[in-house]
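Inside the fold
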Amino acid sequence: MKKIHITTHANLALIKYWGKRDEALLLPCTSSFGISLTALKTTTTLYSHAADEDLIQLDGNNNASLHIPIRKFFDGVRTRFGINTKFSILSKNHFPTASGLASSASGFAALALGVNSVCELGLSMQEISVLARTGSGSAARSIHGGVVLWHKGQALDGHDSFAQPMFNASWWPELRVIIAVTTTQEKKISSRAGATASKETSSLYPGWLERSKERLPKIIEAVRVRNFHTMGQLAEADWTDMRDVMLDTKPSLNYWTEVSWAVINKIIALREQSGLATYITTDAGPHVKVLCLAPDAPRIQEELRTIPGVLSILESCVADEPTIEEEYGNFIP
Ligand code: PMV
């Protein structure tokens, strides 16, 4: 019997995914672009067995509602590939488990990579990305390390909506993302429900789609030539657009707290008053992700530590490809 140990990293979008053209297949309205982060590591162990149901353990948390999307993912895998066995899944996030830190992305990426290996499905990376996407949209990006482009695709069945690696982890060794963790609370509105509501109710949504499409080739070029200012400006502009869409959603989606705004204002002030090269992005949660280059990271960390309510600060480089290790033995769930 084979047991698989997988290490994946969450992927931070610089050009965001927010809203779907197909809700069931999780097909996005936009192509998105992001970087895999060393600080947001998930390790997952997976094997198949003959027990009656999937056995799931997440960070030692056995709250059954968190298991529903995972069971659904494996039901989909069983139907699609004609697999009869159940699975044992143990997944651990090596960062403060907190809302909006994309743990579902790294988690489902690991499950897609893992099930391909355990069941010897022989899928290509493109097909694994498509499979990961069926668990959580942004997981399509997390099956790779480095800097990744997730193609929106055109096909109705979603086979062309997958992530493509663009630059490897060593492409830009000075690039840093500093994460200000601002809460340990679960977010009130899931990104899935929030994005659907934004697409349906925000009048700003179509404009953001257009601008996001224009920004994409520019940010790819900025990373290619390692132009930090252009990359940061484009990433921050895409975030402000997504943020405005969220706030304009009816009812309004306010994922941020006073602490988030204190961090955002501090970073903007540092840029405007001290000329520090630093930019902001956030996702569907209150944590703030600060882009900078390695020489400025200590100063930014120091400034963030002075803000009351910042619970912890995580510094990230661009992460390598996921790793997959095999272990053979007789495993009893
Ligand atoms: O994959 P989901 O449904 O959790 O959506 C993630 C959406 C954002 O994090 C807000 C943006 C992104 O592209 O990662």
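Everything below is about the structure shown above.
Here the structure is a predicted model, which means the values were calculated and not measured.

Conventions and cut-offs
- Residues numbered from 1 in each chain as written.
- Predicted model: local features only at pLDDT ≥ 70, side-chain atom pairs only at ≥ 80, totals over all residues.
- Heavy atoms only, no water.
- Axes fitted to C-alpha atoms, helices over the stretch in contact; angles between N-to-C directions.
- Helix = DSSP H or I, 4+ residues; strand = E, 2+ residues; numbered from the N terminus.
- Parallel < 35°, antiparallel > 145°, perpendicular 65-115°, else oblique.
- Left-handed = near helix turned anticlockwise from the far one by under 90°.
- Contact = heavy atoms within 4.5 Å.
- Nonpolar A, V, L, I, M, F, W, Y, C, P; charged D, E, K, R; others polar.
- Salt bridge = Lys/Arg side-chain N within 4 Å of Asp/Glu carboxyl O.
- Buried < 20%, exposed > 50% of the residue type's maximum accessible area, 1.4 Å probe, protein only.

1. Details of the packing of helix α1 (residues 68-81) against helix α2 (residues 103-118)
Look at α1 against α2: their axes get within 12 Å of each other, and the N-to-C directions meet at 30°. Judged by the angle between their axes, α1 and α2 are roughly parallel. The hand of the α1/α2 crossing is right-handed. Contacts between α1 and α2 pair P69, I70, F73, F74 and V77 from the former with F108, L111, A112 and V115 from the latter. For the contact of α1 with α2, a count of residues per class yields 9 nonpolar, no polar and no charged.

2. Considerations on the packing of helix α8 (residues 258-274) against helix α9 (residues 297-305)
At a minimum axis distance of 10 Å, the contact between α8 and α9 shows a crossing angle of 135°. When the interaxial angle is binned, α8 and α9 end up oblique. Crossing geometry of α8 relative to α9 is assigned as right-handed. In this structure, α8 uses V263, K266, I267, L270 and S274 to contact α9, whose residues at the interface are R299, I300, E303 and L304. When its residues are assigned to classes, the contact of α8 with α9 shows 5 nonpolar, 1 polar and 3 charged.

3. Description of the pattern of salt bridges
Tallied over the entire structure, the rule returns 16 salt bridges. K2 is paired through a salt bridge with E326; the nearest N and O atoms lie 3.5 Å apart. With K2 in strand β1 (residues 2-15) and E326 in strand β13 (residues 323-328), this pair connects stretches of sequence that are 324 residues apart. Accessibility expressed as a relative area gives 11% for K2, which makes it buried. Of the residues examined, E326 reaches a relative accessible area of 43% and is grouped as partly exposed. Two residues, E303 and R299, come together in a salt bridge whose shortest N-O distance is 3.2 Å. Of the two residues, E303 and R299 both sit in helix α9, 4 residues apart, roughly one turn of that helix. When salt bridges with common partners are traced through the structure, they connect R211, R215, D238 and D241 into a single cluster.

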